[in-house]
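# Architecture and fold: a report
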Number of protein chains: 2
Amino acid sequence: MKQLQVLRKIAPEIGELVERRHTVLQNVLFVQPIGRRALAAKLGWPERMVRKEIDFLRESGLLICDASGMEVSPAGVVILEELKEIIREFHGLTDLERELAQRLGLKRVLVVPGDSDADETVKKEIARATAEFLHSELRSGDILAVTGGTTLAEVARSLPTAQGEKDITVVPARGGLGENVELQANTVAAAIAQRLGATYRLLHVPDDLGEEAMSTIAMEPKIKELIDLIRSARIVLHGIGTAEEMARRRGLPQEYVEILAREHAVGEAFGYYFNRDGRIVFATSSVGMRLEDLADVELVVAVGGGKSKAEAALAVLSTGHQDIYITDEGAAREMLQRLDKRAGRGTR
Amino acid sequence: MKQLQVLRKIAPEIGELVERRHTVLQNVLFVQPIGRRALAAKLGWPERMVRKEIDFLRESGLLICDASGMEVSPAGVVILEELKEIIREFHGLTDLERELAQRLGLKRVLVVPGDSDADETVKKEIARATAEFLHSELRSGDILAVTGGTTLAEVARSLPTAQGEKDITVVPARGGLGENVELQANTVAAAIAQRLGATYRLLHVPDDLGEEAMSTIAMEPKIKELIDLIRSARIVLHGIGTAEEMARRRGLPQEYVEILAREHAVGEAFGYYFNRDGRIVFATSSVGMRLEDLADVELVVAVGGGKSKAEAALAVLSTGHQDIYITDEGAAREMLQRLDKRAGRGTR
DNA sequence: ATAGCCGGGACATTATCCATCCCGTGGCCT
DNA sequence: AGGCCACGGGATGGATAATGTCCCGGCTAT
């Protein structure tokens, strides 16, 4: 703990060094087997630099090369695991977590090193951290409501495959959202349930229905029962997206996109679009968990990383409904910076 | 602890780096203020290397430069202190201590990093460690018997200046030994006593007396009383020297030197010369603590570092009278190596 | 006053690093 | 089964940084 800080004082370059090698190792692990050139392109590093690190890691036995490319050796995987805590220390993430949690009024914030925008393996790490957290929180009898999105889909893949000794039900937080099918809440819920050995219930509701049709459907006994089940969830796990990207991904009609622009929507979470003050400025017509229902949920976990999502996350989290926020360093630092800027303007 | 080992696996060069800077800092602290060139000469490093580290340390605020040379800043002193444990970890000294203690049948071995032969500050560190250990072991009412030697003289200088709240008596283990006065046991005893705020009794006996004259003197009531006091010591702290060097330092007559050579004397401790099996092959004629008296002493502490003293230390320690041995890494590793070699030959 | 050592700067030389290309090979697709 | 593509590893010339060495102005101690 303290020793690392001392080391950094006497030899600051070790930070860079360790991090470079950690990044290489992690990225190789992520898409192994991979070639040197592809890796260089992926990292945006000069090929020679990648090569140097590769050479070192290979000679250290942390990486093995065969004809098809490079892979992380078992020893490398162990090292990678052990490095995690060190990197966290280097980045001062524990302090960052504490400060962000306090400023956002959350129970806890989890921050993984890196920035999803710059390094896609970071997203995997977020998912991994989320999966780990989820796994430790889930109890028998729980109802878990989840949303869709790339991050959540990744969370499912990061969960350990367990036999269903716990009696858990996984449901989508809201109905189908017109996205790519493997990113839909239904799909994610099913995937998570499968990993957990849990049961799941799906909510198949078209997304582009009018308000009346929607309420009609919601009256349907079987649907209604399911909606009630969703609203009784003990844990809600949802992603956070930027308004812009989500609108694009859902193929939102032009008229609605204009509304979003006019109202300065920046963040999105399970179908609601928020402006930077956390006010709902638009909502997709769907059924299931509503924003106000979150107040009755015991544990609301939000996930989302990447510097570009910082403003979105601030918007969503300022609704005050979340308990836990899992993100990456890029988003976390950007959020703090924006909060500082606002505070500065506020007191001026 | 474990983190350091992980770091070394992923970035072995940090060991070198940290150690270089630590060495510079420690050496500067030792003879500050000192100039760049003098330091380079002292360390035997290229001037440019010293300069690079100096530049770094200065910019980090660990070192300050004025016209008269460089000094370690207060922050540097703190870092230096914190680095000690890290360096110990790097060198695996804890394991080294354990193994050596077991092989030598000692209660405990203390090893400081480095080699006194190559770096004179290491001797200071041995002295420092000895002083610290001594300070923690001394109790009220103790009688402490010490020998002479450069290391022991340094121990005195490393002791904290304390007011004499403890009732301690410091005595020389044996009579005057014809050495340089500030290295004599009497002088060392006085110096240690002064630092501890203790009382001391000195034993002024010429060194070159015949055996008969010596016994006559030993019969003298006041002398006898003092000798008895010495033999009742609870703690004995003695240095270890190579036979060759001690003979030279004491100006031993040629005839005796020949005896030492013929008998393969390698080690020396308070006037006794030992061959590598720990057998006494020669003894200076003096009075005070005899080898066999050590059996009745509660705590016998031997001190001595430097690779060149490894064989001497092995000889002295194989008498089995010592409880604690304080040394440096250079001597410790050399001793282990020699032990291994002997064991190898033994089983062959 | 002066001689010696101090830090800092300058500079040519050397070693290292880096981008880029090429080659033999193995797997994969056709 | 054969050709193609991407892989790792090696080689090379040019850029870049590190290095050894010297000198200078200033301060200190004598």
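Residues numbered from 1 in each chain as written. Chains lettered and ligands numbered in written order. Predicted model: local features only at pLDDT ≥ 70, side-chain atom pairs only at ≥ 80, totals over all residues. Heavy atoms only, no water.

For chain A, the count of helices and strands is 15 helices and 13 strands. Its C-alpha radius of gyration of 22 Å places chain A within 12% of the 20 Å reference for a compact globule of 348 residues. Projected onto the principal axes, the alpha-carbon positions of chain A cover approximately 65 × 55 × 40 Å. For chain A, with 348 residues in total, the buried portion stands at 53%. Considering only contacts within chain A whose residues lie at least 6 apart along the sequence, 70% involve residues at least 24 apart. (Helix = DSSP H or I, 4+ residues; strand = E, 2+ residues; numbered from the N terminus. Rg over C-alpha atoms; globule rule 2.2 N^0.38 Å. Buried < 20%, exposed > 50% of the residue type's maximum accessible area, 1.4 Å probe, protein only. Contact = heavy atoms within 4.5 Å.)

Let's shift gears to the sheet that holds strand β7 (residues 235–239) of chain B. Residues and elements named next belong to chain B. Strand order in this open sheet of seven strands is β3-β13-β12-β7-β4-β5-β6, and the pairing throughout is parallel. Looking at strand neighbours, the two that pair on one side only are β3 (108–112) and β6 (199–200), the edges of this open sheet. Here β7 runs beside strand β12 (residues 299–303); their pairing, made up of five bridges, is parallel. Directly across from Val236, in β12, lies its bridge partner Val300. On the sheet, helix α7 (residues 120–137) packs against β3, β4 (143–146), β7, β12 and β13 (324–328) and is oriented at approximately 155° with respect to β13. (Pairing = 2+ DSSP bridges. Axes fitted to C-alpha atoms, helices over the stretch in contact; angles between N-to-C directions.)

All names here are of chain B. One non-glycine residue, His264, lies in the positive phi region at around 55°. A relative accessible area of 57% places His264 in the exposed class. A positive phi angle, close to 25°, is found at Phe270, a residue other than glycine.

Residues and elements named next belong to chain B. As for its position among the elements, Ser116 is in the loop between β3 and α7. Under the relative-accessibility criterion, Ser116 is labelled buried at 13%. Each C-alpha atom, one on Ser116 and one on Ser232, is 33 Å from the other, the two residues being 116 residues apart in sequence. Not counting the four nearest positions on each side in its chain, Ser116 is found in contact with Val122, Lys123, Ile126, Gly305, Gly306 and Asp328.

Further remarks concern the protein's contact with DNA strand D. Near DNA strand D, the surroundings consist of 16 residues, among which A:Gly35, A:Arg36, A:Arg51, A:Met70 and B:Arg48 are the closest. Restricting attention to atoms of DNA strand D within 4 Å of the protein, one finds that 42% of them are sugar or phosphate atoms. One of the side-chain N or O atoms of B:Arg48 is found 2.6 Å from a base oxygen in DNA strand D. Of all the elements in the fold, those that place two or more residues in the surface near DNA strand D are α3 (36–43), α4 (47–59) and β2 (69–72) of chain A together with α4 (47–59) of chain B. For the surface near DNA strand D, the per-class residue count stands at five nonpolar, two polar and nine charged. (Near = heavy atom within 4 Å. Polar contact = N/O pair within 3.5 Å; in protein donor to acceptor, adjacent residues only side chain to side chain. Nonpolar A, V, L, I, M, F, W, Y, C, P; charged D, E, K, R; others polar.)

Time to look at the interface of chain B and chain A. Accessible area lost when the parts come together is the quantity often used to give the size of an interface. Every contact between the two is made by 25 residues of chain B and, on the other side, 25 residues of chain A. A per-residue breakdown of the area chain B buries against chain A is headed by B:Gln3, B:Leu7 and B:Ile10, which together make up 30% of the total. Counting across the chain B and chain A interface gives two salt bridges. Its salt-bridge partner being A:Arg21, residue B:Glu13 comes within 3.0 Å of it at the nearest N-O pair. (Buried area = accessible area lost by both parts, 1.4 Å probe. Salt bridge = Lys/Arg side-chain N within 4 Å of Asp/Glu carboxyl O.)

Here the focus is the relation of the copies chain B and chain A. Once chain B is rotated about the relating axis by 180° and shifted along it by 0.1 Å, it coincides with chain A to within an RMSD of 0.1 Å. Both copies are brought into coincidence by an operation consistent with a two-fold rotation axis. Scanning chain B for the C-alpha nearest the rotation axis identifies B:Ile14, at a separation of 3.2 Å. (Least-squares fit on C-alpha atoms with pLDDT ≥ 70 in both.)

Below, the discussion takes up the nonpolar core. Grouped together as the largest cluster of nonpolar side chains are 58 residues, with contacts concentrated most on A:Ile10 and B:Ile10. In this structure, B:Ile10 is in contact with A:Val18, A:Arg21, A:Leu25, A:Phe56, A:Leu57, A:Leu62, A:Ile79 and A:Leu83, ignoring residues within four places of it in sequence. (Core = buried A, V, L, I, M, F, W, Y, C linked by side-chain atoms within 4.5 Å.)

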